[in-house]
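Chain and residue survey
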Amino acid sequence: MNLDHVLVTRDADFVTITMNRPQRRNALSLAHLRDLIDAFSGAGDSDASGIILAGAGPVFSAGHDFADVAEADESAVRTLLDTCLQLMELIETVPQPVIARVHGLATAAGCQLVATCDLAVAADSAGFAAPGGKGGWFCHTPMVAIARNIGRKRAAELAYTGDTITAAQALDWGLVNQVVPTAGLDAAVADLLGRATRGSRASKALGKRTLYQQLSLPEADAYELATRVMAESSQSAAAREGMSAFLSKRQPKWSD
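Residues numbered from 1 in each chain as written. Predicted model: local features only at pLDDT ≥ 70, side-chain atom pairs only at ≥ 80, totals over all residues. Heavy atoms only, no water.

An unreviewed UniProt entry lists the protein under the name Enoyl-CoA hydratase domain-containing protein 3, mitochondrial, from Nonomuraea rubra. Per its UniProt entry, the protein bears the Function (unreviewed entry) comment "May play a role in fatty acid biosynthesis and insulin sensitivity." (UniProt positions renumbered as here; feature names shortened; annotations may be inferred.)

Here we look at the domain arrangement of the protein
Per the domain assignment, the segments of the protein are domain 1 (6–197) and domain 2 (201–248). Summed over both sides, the interface between domain 1 and domain 2 buries roughly 690 Å², with carbon and sulfur atoms accounting for 44% of that surface. Of all residues in domain 1, Glu92, Pro95 and Asp118 give up the largest surface area on contact with domain 2, accounting jointly for 50% of the area buried on that side. Put simply, domain 1 and domain 2 have two salt bridges between them. Ionic pairing is found between aspartate 118 and lysine 208, a salt bridge with its closest N-O pair at 2.9 Å. Counting across the interface, domain 1 meets domain 2 through eight residue pairs in polar contact (both at pLDDT 80 or more). Ranked by the residues each element gives to the side of domain 1 that touches domain 2, the list is headed by helix α3 (residues 74–93), at three residues. (Domains from an automatic or database assignment. Buried area = accessible area lost by both parts, 1.4 Å probe. Salt bridge = Lys/Arg side-chain N within 4 Å of Asp/Glu carboxyl O. Polar contact = N/O pair within 3.5 Å; in protein donor to acceptor, adjacent residues only side chain to side chain. Helix = DSSP H or I, 4+ residues; strand = E, 2+ residues; numbered from the N terminus.)

Side note on the sheet that holds strand β3 (residues 50–55)
Ordered in space as β1-β2-β3-β4-β6-β9, the six strands form an open sheet in which the pairing is mixed. The strands lining the two open edges of the sheet, one partner per strand, are β1 (6–11) and β9 (178–180). Along the sheet, successive strands turn relative to each other by an average axial angle of 20°, direction set aside. Here β3 runs beside strand β4 (residues 98–102); their pairing, made up of three bridges, is parallel. Bridge assignment links isoleucine 51 to a residue of β4, and that residue is valine 98. (Pairing = 2+ DSSP bridges. Axes fitted to C-alpha atoms, helices over the stretch in contact; angles between N-to-C directions.)

Let's talk about α3
Taking 1.5 Å per residue, 20 residues should reach 28 Å; α3 reaches 28 Å between its end C-alpha atoms and fits that length. Those residues of α3 that sit buried are Val77, Leu80, Thr83, Cys84, Leu87, Met88, Leu90 and Ile91. The arc enclosing the buried residues of α3, seen along the axis, measures out at 160°, which places them on a common side. Relative to its buried face, α3 has exposed residues pointing more than 90 degrees away, namely Glu74, Ser75, Arg78 and Thr93. For α3, the secondary structure elements touched by its buried residues are α1 (30–45), α2 (66–69), β4, α4 (109–116) and α9 (201–215). (Expected span 1.5 Å × (residues − 1). Buried < 20%, exposed > 50% of the residue type's maximum accessible area, 1.4 Å probe, protein only. Arc of directions from axis to C-beta. Contact = heavy atoms within 4.5 Å.)

This is the structure:
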């Protein structure tokens, strides 16, 4: 895939999408966002079982590129934000688990990316912030995803102060799954994604889709949706094979 701002590589069953604008701290310009959309669309349509989102250079992502915004009119800014939303929705709708590999600062929309990925592993030197709270352009859209990870009071603290929290705080607050030494980051990402991609790919894709659907519903509606999907999926080839293998005390053989 020939993209200007993103590198796409594949190692066995995993696709790695690397933001490659280190000179701009991987800021999310409109062109960069469109490259990321193309990369995730391609990975989502592939037979890969998992996707890693990484950043080149010392920073994971500094968020929106102010060079796109400083002199832009409202319509142009809305196009940028709508494109960013398209990327966030795509990350949640590709069938594969997506894991963020966070090695440095993830701020504003960069932190939004981490919050949007299904999973996240951070180096112990990483930091996370929604710095708009101490400036003139509040991080309204990043906080949609961030607040749904960390809860109301911590979201308010992060958003209002604009302070950077450490990787250890991000782990405690629920923004990331693991924090590891920088030297062990790649191994930890591969281990978690490997465990998250075990089993039937079709079952995993349905599970991801239903998980996000039910999270947006009131509890009673969430149970109604989950019950229907679980009953329907019990008839699938993957469910039948998994149950048969369990009862027969053998390893399952997935057709997908």
